[in-house]
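# Fold and geometry: a report
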Amino acid sequence: MSSQHVAIIGGSSGIGLATAAHLLEKGYRVTITGRDATKLQAAAQSLGGDIATVVMDAAELASLAEAFRAIGPLDHLVLALGGGHGGGPFATVDLADLKRGFEQKAIAHFACAQACLPYLSGQGSVTFVSAVSAQAAMPGTAGLGAINAAIAALVPILAVELKPIRVNCVSPGVVETPWWDFLGDEQRPAAFASFAARTPVSRIGRPEEIADAIAFLIGNGFTTGHTLICDGGIRLGQ
Ligand SMILES: NC(=O)c1ccc[n+]([C@@H]2O[C@H](COP(=O)([O-])OP(=O)(O)OC[C@H]3O[C@@H](n4cnc5c(N)ncnc54)[C@H](OP(=O)(O)O)[C@@H]3O)[C@@H](O)[C@H]2O)c1
């Protein structure tokens, strides 16, 4: 396992950063990417180990060929990037923000999976990170659900079209990461408590738990075309 190279697009924070730590511990060679060079360097320093960094914006489609050339040959790609654009009640969701959400997640994931192909091992894998908004029926997530459902729809198609490369997805529930910083320090604890109350395991998730699910899909050579929901059961609508 130690010689295998994993690139994590969106690896400088949250789920991607936890995945990098988990995979380094398992002996993988890891490249993390993000848009903010300072944040990326700090993340790499916090990790230590066999880590490389490439600054890239996955939504800048014209730059992706060069970014993947810089990443070089790889065995596994993890797509952990994405922000919160496109959220809000359906009746009032801002359509420009929804478009930005598609561009910065669904299209960026699609384009990175495409751009990595010249460098991706035929025995390798692609793991997308979508979100449980695609499976649950939570008011206020119509836009986020549509964006993440677009990613989930890709998975079985690519598993067949790119075979024998394996293509999978992890669909997280609510996880404590900087993704939620938009709420501010005042609002966040109450929002997390409310999500925890609606989650059968009675708490929100930790990024390490999503990292563990991603590592399973990378390492299990007989799993492909699968979306692994890792949400503490919040999709069940308790
Ligand atoms: N946290 C949750 O509760 C939760 C739940 C379900 C699904 N998810 C999904 O999980 C994924 C990871 O989220 P997270 O919670 O780990 O968020 P996060 O802590 O904000 O991390 C996002 C990472 O993606 C990078 N990134 C964002 N846009 C990028 C772009 N255009 N190009 C390259 N890198 C980019 C960020 O770095 P830069 O800002 O420096 O680019 C950062 O490294 C997202 O797709 C999110 O939708 C999260």
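To be clear, the structure that these remarks concern was listed above.
Now for a description of the structure that goes with this document. The model shown is predicted, which means the values in this text are computed figures rather than measured ones. (Residues numbered from 1 in each chain as written. Predicted model: local features only at pLDDT ≥ 70, side-chain atom pairs only at ≥ 80, totals over all residues. Heavy atoms only, no water.)

### As for helix α4 (residues 95–115)
In an α-helix, one turn spans 3.6 residues; hence positions three or four apart end up facing the same way. For α4, spanning 21 residues, the distance from its first C-alpha to its last is 28 Å, which sits close to the expected 30 Å at 1.5 Å a residue. At A108, α4 shows its maximal bend, which comes to roughly 40°. Taken together, the buried positions of α4 are D97, G101, K105, A106, A108, H109, A111, C112, A113 and A115. On its buried side, α4 packs onto β1 (5–9), α3 (64–71), β4 (74–79), β5 (120–129) and α5 (142–161). Among the residues of α4, the N-terminal cap falls to D94, whose side-chain oxygen and the backbone nitrogen of A96 are separated by 3.0 Å. (Helix = DSSP H or I, 4+ residues; strand = E, 2+ residues; numbered from the N terminus. Expected span 1.5 Å × (residues − 1). Bend = angle between axes of the 7 residues up to and from the residue. Buried < 20%, exposed > 50% of the residue type's maximum accessible area, 1.4 Å probe, protein only. Contact = heavy atoms within 4.5 Å. Polar contact = N/O pair within 3.5 Å; in protein donor to acceptor, adjacent residues only side chain to side chain.)

### Things to note about the pattern of salt bridges
Under the criterion given, the structure shown has 8 salt bridges. The salt bridge involving D181 is made with R188; its shortest N-O contact spans 3.7 Å. For D181, a relative accessible area of 45% translates into the label partly exposed. Three or more residues joined by partner-sharing salt bridges are found here, namely D181, D185 and R188. (Salt bridge = Lys/Arg side-chain N within 4 Å of Asp/Glu carboxyl O.)

### Details of the nonpolar core
In terms of nonpolar packing, the biggest core is built from 33 residues, with I9, M56, F68, L77, L79, F128 and V167 touching the most fellow members. Not counting residues within four places of it along the chain, the set of residues in contact with M56 comprises I9, T33, G34, R35, L64, A67, F68, I71 and C112. In terms of nonpolar packing, the next biggest core, distinct from the first, is built from 23 residues, A20, L40, A44 and I218 among them. (Core = buried A, V, L, I, M, F, W, Y, C linked by side-chain atoms within 4.5 Å.)

### Quick notes on unusual backbone geometry
Residue K163 is joined to P164 through a cis peptide bond whose omega torsion reads 5°. Here P164 shows up in the loop between α5 and β6 (166–172). Despite not being glycine, S202 shows a phi value in the positive range, around 65°. As for its position among the elements, S202 is in the loop between α6 (184–197) and α7 (207–219).

Treat this as a map of the structure, not an account of what it does.
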